[in-house]
Amino acid sequence: MTKIDDVARLAGVSTATVSRALRGLPTVSAATRRRVLAAAEQLQYAVSPSASRLAGGKTGTVGVVVPRITRWFFGTVVEAVEDFLHQNGYDLLLYNLGGREQTRQRVLRTASLDKRMDAIILVATPLRPADVTALTRLALPGVTISSGSGVPGWPRVRIDDVAAGRTATRHLLDLGHTRIAHISGDPDDELAFTTHLDRRRGYQDALRAAGIRPDPSLDVESQFTIDGGIRATAELLARGEPPTAIFAACDEMAMGAMTALRDAGLRVPHDVSVIGIDDHDLAGVLGLSTVAQPAAEQGLLAARMLLDPLGVRAADPYLGVVPRPRLGDADGEPPTRSVILPTRLVVRESTAPPRAN
């Protein structure tokens, strides 16, 4: 295998000069650079990308932290981020917290993170004050994808979860439903997510705007999973008179609700309407009405915003799917610090007017 020493001998220069020439540094004369490139081509010498990055003090890697990779939203975001990073010459280093607080602390408060990556993306990862302090000390570029607390100086990409909850509930109200239940996130979740609180707030705001007082007996908490939706709906039905509609805080919970209603002998939407949030890949197959959020687009936008401070002129990933945010201009205006992407109501077969109407 040809080594850099071989190129240096053939070109009549030092190995350091070969390294600088092949990296395109301006400290090498044009004539010397041509001689080095000719020698490298003759010997079929290929520069190791990892070695080149390390020589320049870069790892060529972006760290991505997710609470649970098995959930649809997180997996969709990570896939989009990884694809975009690879297109622009970067690798992805995944940290899956697995829903465990101990793992979260170990990952976010480890001082060696800055030696493994050039930048960080946090996907809906709840942060404690100690986490924010540790991440700030790393002095690495970062972006958060979430509606919760962020890191000072880091841009944030998110949707308006309150508005999404309001949209879902208003759809049911517009159909004529007044007895609307809500199944939401687990308050005892080890990572203490806040997304479900925002979506519940939207649900309650919509009810109050319609002159309906939120009924605590129609509000059940569980995990953001299909099983969580099944358990929450079973508990809801066990409380007495069933609602005429259910708003689930995510599509996976909504799918669980549809399963529990079927098992109880109730038909969707003839007996009970169901709506979720996400537009999960299976939502169309199941005929689930939902408030769609642009999951992949959030990942693409976060990745692009992250590569800007690394000096990478990344391709535009939007292709007209979502409005392209302004990340700065020729006058040196700083990048947008927070971008809220739009959601949209998708009406399918799981919602209909109540039978009484």
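See the structure printed just above.
Rules used throughout
- Per chain, the residues get numbers from 1 upward, laid out in the order the sequence is written.
- For a predicted model such as this one, the threshold for reporting local features is a pLDDT of at least 70, and the threshold for listing and counting side-chain atom pairs is 80 or more; totals across whole chains, interfaces and linings nevertheless cover every residue.
- Values reported for side chains reflect all heavy atoms of the structure, with hydrogen atoms and water molecules removed beforehand.
- The numbering of helices and of strands both runs from the N terminus, where a helix is a DSSP run of H or I of at least 4 residues and a strand a run of E of at least 2.
- It only takes one pair of heavy atoms within 4.5 Å for two residues to be counted as in contact.
- Only the protein chains shown count as covering a residue, and every accessible area follows the Shrake-Rupley method with a 1.4 Å probe.
- Per-residue accessibility, obtained with a 1.4 Å probe over protein chains only, is compared with the maximum for each type, and a residue is labelled buried under 20%, exposed over 50%, and partly exposed between these values.
- The arc in question is formed by the directions pointing from the helix axis toward the C-beta atoms.
- Polar contacts here mean pairs of N or O atoms no more than 3.5 Å apart (in protein, one a potential hydrogen donor and the other a potential acceptor; neighbouring residues in sequence count only if both atoms are side-chain atoms).
- For a crossover, the right-handed case is the one in which the path from the first strand over the helix to the second runs clockwise, viewed with the strands pointing away from the viewer.
- Following DSSP output, two strands are said to pair if at least two bridges run between them.
- Salt bridge, as applied in this entry: a Lys or Arg side-chain nitrogen positioned within 4 Å of an Asp or Glu carboxyl oxygen.
- Fitted lines through C-alpha atoms give the axes, limited to the stretch in contact for helices. The angle between two N-to-C directions lies from 0 to 180 degrees.
- Here roughly perpendicular refers to angles of 65 to 115 degrees, roughly parallel to angles under 35, roughly antiparallel to angles over 145, and oblique to all remaining angles.
- Take the far helix as your reference; a near helix turned counterclockwise from it by less than a right angle gives a left-handed crossing, and one turned clockwise gives a right-handed crossing.

Draft legend 1. Structural context of the overall build of the chain. Each helix and strand in the chain was counted, giving 13 helices and twelve strands. For the chain, the share of sequence-separated contacts (at least 6 apart) that also reach a separation of at least 24 residues comes to 68%. About 16,900 Å² of surface is accessible on the chain, with carbon and sulfur atoms providing 51% of the total.

Draft legend 2. Layout of helix α7 (residues 129-138). For α7, the full list of buried residues reads D131, V132, A134, L135 and L138. The arc that holds the buried residues of α7, viewed along the axis, is 165 degrees, so those residues lie on one side. Seen from the open side of α7, the exposed residues pointing more than 90 degrees away from its buried face are P129 and R137. Among the structural elements, α6 (101-108) and β3 (119-123) are those in contact with the buried residues of α7. Looking one or two residues past α7, A139 carries a phi angle of roughly 55 degrees, positive in sign.

Draft legend 3. The arrangement of the side chain of T351 in detail. Relative to the assigned elements, T351 resides in the segment after β12 (344-346). Note on T351: relative accessible area 9%, which makes it buried. Of note is the side chain of T351, whose polar atom sits 2.9 Å from the side chain of H171. A polar side-chain atom of T351 sits 2.8 Å from a polar atom in the side chain of S289. With sequence-adjacent residues up to four places away left out, T351 is seen in contact with H171, L172, L175, P269, S273, V274, I275 and S289.

Draft legend 4. Here's a closer look at the pairing of strand β9 (residues 273-278). Counting buried positions along β9 yields six of six residues, so the element is predominantly enclosed. Of the two faces of β9, both are covered, the one formed by S273, I275 and I277 as well as the one formed by V274, G276 and D278. With helix α11 (residues 251-263) bridging strand β8 (residues 245-248) and the parallel β9, this β-α-β connection has right-handed handedness. Of the strand pairs in this sheet, β9 and strand β10 (residues 289-292) are connected by four bridges, and their pairing is parallel.

Draft legend 5. Up close: the pattern of salt bridges. A complete count under the given rule lists eleven salt bridges for this structure. Residues D219 and R200 are paired through a salt bridge, measuring 3.0 Å at the closest nitrogen-oxygen approach. Here D219, found in strand β7 (residues 219-221), pairs with R200, found in helix α9 (residues 195-209); they are 19 residues apart in sequence, far enough to count as distant. Across the pair, exposure class does not vary: D219 and R200 are buried alike. If you follow the salt bridges from partner to partner, you end up with R166, R201 and D205 in one network.

Draft legend 6. Expanded view of the packing of helix α10 (residues 226-238) against α11. Taken N-terminus to C-terminus, the directions of α10 and α11 make an angle of 50 degrees; their axes are 6 Å apart at the nearest point. Between α10 and α11, the interaxial angle falls into the category oblique. Of the two elements, α10 crosses α11, and the hand of that crossing is right-handed. Within the contact between the two elements, α10 uses I226, G229, I230, T233, A234 and L237 and α11 uses E252, M253, M255, G256, A257, T259, A260 and L261.

Draft legend 7. Inspection of the sheet that holds strand β6 (residues 180-184) at higher detail. Judged by pairing direction, the sheet is mixed, and its six strands sit side by side in the order β7-β6-β8-β9-β10-β12 without closing on themselves. The open sheet is flanked by β7 and β12, the only strands paired with a single partner. Between one strand axis and the next, the sheet turns by 20 degrees as a mean value, whatever way the strands run. Pairing analysis gives three bridges linking β6 to β7, with the strands arranged parallel. Bridged to H182 within β7 is D219. The strands that α10 touches are β6, β7 and β8; relative to β6, the one it contacts most, it runs at about 140 degrees.

Draft legend 8. Main features of the environment of F73. On the secondary structure map, F73 appears in helix α5 (residues 72-87). For F73, the contacting residues outside a window of four places in its chain are V123, I145, Q293, A295 and Q298.

Draft legend 9. Broad picture of the environment of G299. Position of G299 relative to the elements: it lies in helix α13 (residues 295-307). Taking the C-alpha atoms as reference points, G299 and T76, separated by 223 residues in sequence, lie 8.1 Å from one another.

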